[in-house]
Amino acid sequence: LPEGYKVEPWYNSDNGCFYGLDGMSENFCRIMDAHPPYVDPLEMLCGRWRDMLVNYRGDLHYLPEWRKAQIKKEDLAGVTTQWSKRWDEKRFPYDDLKPLQKKYNIQSGIDSDAHFACDYEIGLSLGFGGFLKKIEKYRKINPDKKAFYDAEEKCVWAIIRFIDRHIEEIRRLLEIEERPEIRENLQLMLETNLAIRMDPPKTFQQACQWVAYFNCASRIYTRDGAGFQLDIVLWPYYENDVKNGILDDEKAKFLIANLLLIDPHYYQVSGVDAEDRDLTNHLSYLVLDAADMLNTSINLTVRVHENCGKDFLKKAVYYLLKNKNGWPRFCYDRTLTEGFMKNEGVTKEIARKRIAVGCNWLAVPGIEYPMNDTIKVNIAKVFEQALYDMEHEENKSTERLFELYNEHLKIAVDTVAKGVNLHIDHKAEVTPELIMNLMMKNTLEKGLDISQCAELYTIGVDGAGLAVVADSFGALSARVEQEKVLTWEIVYENLKNNFDGVQGERVRAILSSAPKYCEGGTISDKWAERLTESWVNTVRSQKMPKNRQLVPGWFSWARAIEYGKEVGATPNGRKAGEPISHGANPNPRFRTDGAPTA
């Protein structure tokens, strides 16, 4: 952010926050209007985001220093001591859920932002001016939705003003630039920006620039990072420009690299259609080459399938190993497609359209509201509650422990469901998705937020801590029940004192050396299967209203450390407060032979 940058947020709530159509649209416009233009004459696309709306609604971490200082003064004055309330709890409280959310260490998803995918083909076909026309058309059809359309229109004009400032900056640079090759590039940038200010893009460069502006706006609004199928959506522009002699592969690669640099949205390449035909095209290769030119961290996923070209797959793997920047990631189509088709209302065609546009998650562009990666249940905490319950029972066993675990798990999932329903029922009144609504189906047409009119409500619910719990059950089964080298009383005593002292370390060594999850065919592997079956059945059987479905998964995101701090010592030898396991992975150091792919 440049020196002197400042945003004065407008709060429409007495808790020092802002909500609803007026609060979100007004403050989005204030942040957009405060953003200075970003034009580098050595690039071919312009625009950057530097600040986000969420920073003024409770995310202190990303705030500029001037804003942190301002909040500190306000808090000292006793004016906005609760300024950080992102969810409007005054109107939509959930105090009844908080004790259970804390008990099971649940990340509830209430007031989660974005985490679904726009249909970029809608936006590219309309352009920003087309959005305005569509808003005006349906405003007349739905006169009772005036506030919704006013807010949407206000946001679109803020994006157009953002483009206008870039046009002014390009013109300023043209006045002082003397190098002919740079002047030529700036002139093309100017023509590109003028062309897409109101009209839909027609060329490859115009399409990339349009996407760049929309991405900046959606990132500012709700941290949105879901992109699209790069090689498919941009293919018609590439093909047409090559045919007309205005684009070659070097220029195309430079433009893609520039787009990837402007914002780290998540993109997918390759894949297969509903008839099992390979979707890889020449642009798929150029995307990989462009990312290689940039040579930094990039959110790019290759969708692998049986008909995927071996040359393309080999090139993708080569770049992963050459640059060591964690891209591309690979996702396997068959399991993704077959798995998603288990959900009600999902055909093969829809499942194939569901693309990788998040850190661990996928979404169907334009029609799905999944809340992916926003809900987590720390099953190590659920397991801990079951352990507490069994401590004073006379007949202790792993089977009894598993019964108690399942009882607590049902309560935890029910708590999640109540939070999900609260969020979806009132999301439009708290933080409507005004930017992403522009490229979703039925939103502008009906005057409804996507949370109110999605075709699919497949709500991802992630369990975290699988390996900790599997290894704990495995250690208890092996060392207490089968080998009888430890008793339940000794285990409980040492869990309470966190394996303290020489005796504690001995007990810890006995437990932690038990067969591990992921070693293959172990007792802990069998427990992991039972835990997975239990997780899937509990989540899937949870009753939900209005066509909503909970979809189970194992994933912890970066919360393994945070969640671990909430859990005491566990029977796998893990000490109190240590991190839980990540995702569906085994616990660290589960093998001693150093095999990284085991």
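The coordinates are above.
Residues numbered from 1 in each chain as written. Predicted model: local features only at pLDDT ≥ 70, side-chain atom pairs only at ≥ 80, totals over all residues. Heavy atoms only, no water.

Asks: How do you make sense of the overall build of the protein when you look at a structure like this?
Replies: Each helix and strand in the protein was counted, giving 23 helices and 10 strands. Its C-alpha radius of gyration of 26 Å places the protein within 12% of the 25 Å reference for a compact globule of 598 residues. Across its three principal axes, the protein shows a C-alpha extent of roughly 85 × 60 × 45 Å. Within the protein, residue pairs in contact and separated by at least 24 positions form 75% of the contacts whose partners lie at least 6 positions apart. Total accessible area on the protein is roughly 25300 Å²; 51% of this is exposed by carbon and sulfur atoms. Each charge class in the protein was averaged separately, 78 positive and 89 negative side chains, and the resulting centres sit 1 Å apart. (Helix = DSSP H or I, 4+ residues; strand = E, 2+ residues; numbered from the N terminus. Rg over C-alpha atoms; globule rule 2.2 N^0.38 Å. Contact = heavy atoms within 4.5 Å. Areas by Shrake-Rupley, 256 points an atom, 1.4 Å probe, with all protein chains shown as cover. Lys, Arg positive; Asp, Glu negative; His and termini not counted. Charge placed at Lys NZ, Arg CZ, Asp CG, Glu CD.)

Asks: What is the right way to look at the sheet that holds strand β9 (residues 457-464) in this model?
Replies: The pairing of strands in a sheet happens through backbone hydrogen bonds and is either parallel or antiparallel. An order of β1-β8-β9-β10 is seen for the four strands of this open sheet, with the pairing classed as mixed. Either end of the sheet is taken by a strand with one partner, and the two such strands are β1 (106-107) and β10 (548-554). The sheet contact formed by β9 and β10 spans seven bridges and is parallel. Bridging across to β10, Gly 463 finds its partner in Trp 554. (Pairing = 2+ DSSP bridges.)

Asks: Mind showing me how you'd approach the sheet that holds strand β4 (residues 300-304) here?
Replies: Overall, parallel pairing links the four strands, which are arranged β2-β3-β4-β5 in an open sheet. Each edge of the open sheet is held by one strand with a lone partner, namely β2 (226-229) and β5 (329-332). Across the sheet, the axes of successive neighbouring strands diverge by a mean angle of 25°, strand direction being ignored. Alignment of β4 against β5, held across four bridges, turns out to be parallel. (Axes fitted to C-alpha atoms, helices over the stretch in contact; angles between N-to-C directions.)

Asks: What's the story with the layout of surface pockets in this structure? I'm lost.
Replies: Rolling a probe over the atoms, with the probe sized like a water molecule, indicates the empty space that remains. Roughly 1100 Å³ of internal volume is contained in the largest pocket. At the level of secondary structure, the elements contributing two or more residues to the lining of the largest pocket comprise β1 and α23 (560-564). A breakdown of the residues in the lining of the largest pocket according to their chemical character gives 16 nonpolar, 13 polar and 11 charged. Of the volumes computed, that of the second largest pocket is approximately 700 Å³. Forming the walls of the second largest pocket are 27 residues, and the residues nearest its centre are Gly 339, Arg 354, Val 551, Pro 552 and Gly 553. Within the residue set of the lining of the second largest pocket, elements represented by two or more residues are α13 (333-340), β9, α22 (523-541) and β10. No other element matches the six residues that α13 contributes to the lining of the second largest pocket. Along the lines of polarity and charge, the residues of the lining of the second largest pocket split into 11 nonpolar, nine polar and seven charged. (1 Å grid on protein atoms, 1.4 Å probe; cavity = no way out; pocket = protein on both sides within 12 Å on 5 of 7 lines; lining within 4 Å. Points joined across faces, edges and corners; volume = space filled by probe spheres on them. Nonpolar A, V, L, I, M, F, W, Y, C, P; charged D, E, K, R; others polar.)

Asks: Please explain the packing of aromatic side chains as it appears in this structure.
Replies: Here the distance between the centres and the angle between the planes together describe a pair of aromatic rings. One pass over the structure, following the stated rule, counts 26 aromatic pairs. Seen from their ring centres, Tyr 405 and Phe 473 are 6.4 Å apart, and the 90° between their planes marks the pair as edge-to-face. Taken as a pair, Tyr 405 in helix α16 (residues 398-430) and Phe 473 in helix α19 (residues 466-482) lie far apart in primary sequence, 68 residues in all. Among the aromatic side chains, those forming a connected cluster through ring pairs are Tyr 120, Phe 128, Phe 131, Trp 210, Phe 214, Phe 228 and Tyr 267. (Phe/Tyr/Trp six-rings, centres within 6.5 Å; stacked < 30°, edge-to-face > 60°.)

Asks: How do you make sense of α22 when you look at a structure like this?
Replies: Working note: α-helix, 3.6 residues per turn, so residues spaced by three or four point in the same direction. An ideal rise of 1.5 Å per residue puts 27 Å on 19 residues; α22 measures up with 27 Å between its terminal C-alpha atoms. Listed in full, the buried residues belonging to α22 are Ser 524, Asp 525, Trp 527, Ala 528, Leu 531, Ser 534, Trp 535, Thr 538 and Val 539. Looking at the packing, one finds that the buried side of α22 touches β8 (376-378), α15 (379-390), α16, β9, α19 and β10. (Expected span 1.5 Å × (residues − 1). Buried < 20%, exposed > 50% of the residue type's maximum accessible area, 1.4 Å probe, protein only.)

Asks: Would you mind going over the packing of helix α11 (residues 282-294) against helix α12 (residues 310-323) with me for this structure?
Replies: Packed helix pairs are specified by the crossing angle of their axes together with the interaxial distance, meaning the distance between the axes. Where α11 meets α12, the axes come as close as 11 Å, and the angle between the chain directions of the two elements is 10°. Looking at the two axes, α11 sits roughly parallel to α12. Mapping the contact onto sequence places Ser 284, Tyr 285, Leu 288, Asp 289 and Asp 292 in α11 and Asp 311, Phe 312, Lys 315, Ala 316, Tyr 319, Lys 322 and Asn 323 in α12. Residues that form the contact of α11 with α12 fall into these classes: five nonpolar, two polar and five charged. (Parallel < 35°, antiparallel > 145°, perpendicular 65-115°, else oblique.)

Asks: Mind showing me how you'd approach the side chain of Glu 384 here?
Replies: By secondary structure assignment, the location of Glu 384 is in helix α15. Relative accessible area serves as the criterion here: at 6%, Glu 384 is assigned to the buried category. Ignoring sequence-local partners within four residues, the contact set of Glu 384 consists of Glu 566, Val 567 and Gly 568.

As far as function goes, none of this settles anything; it's purely spatial.
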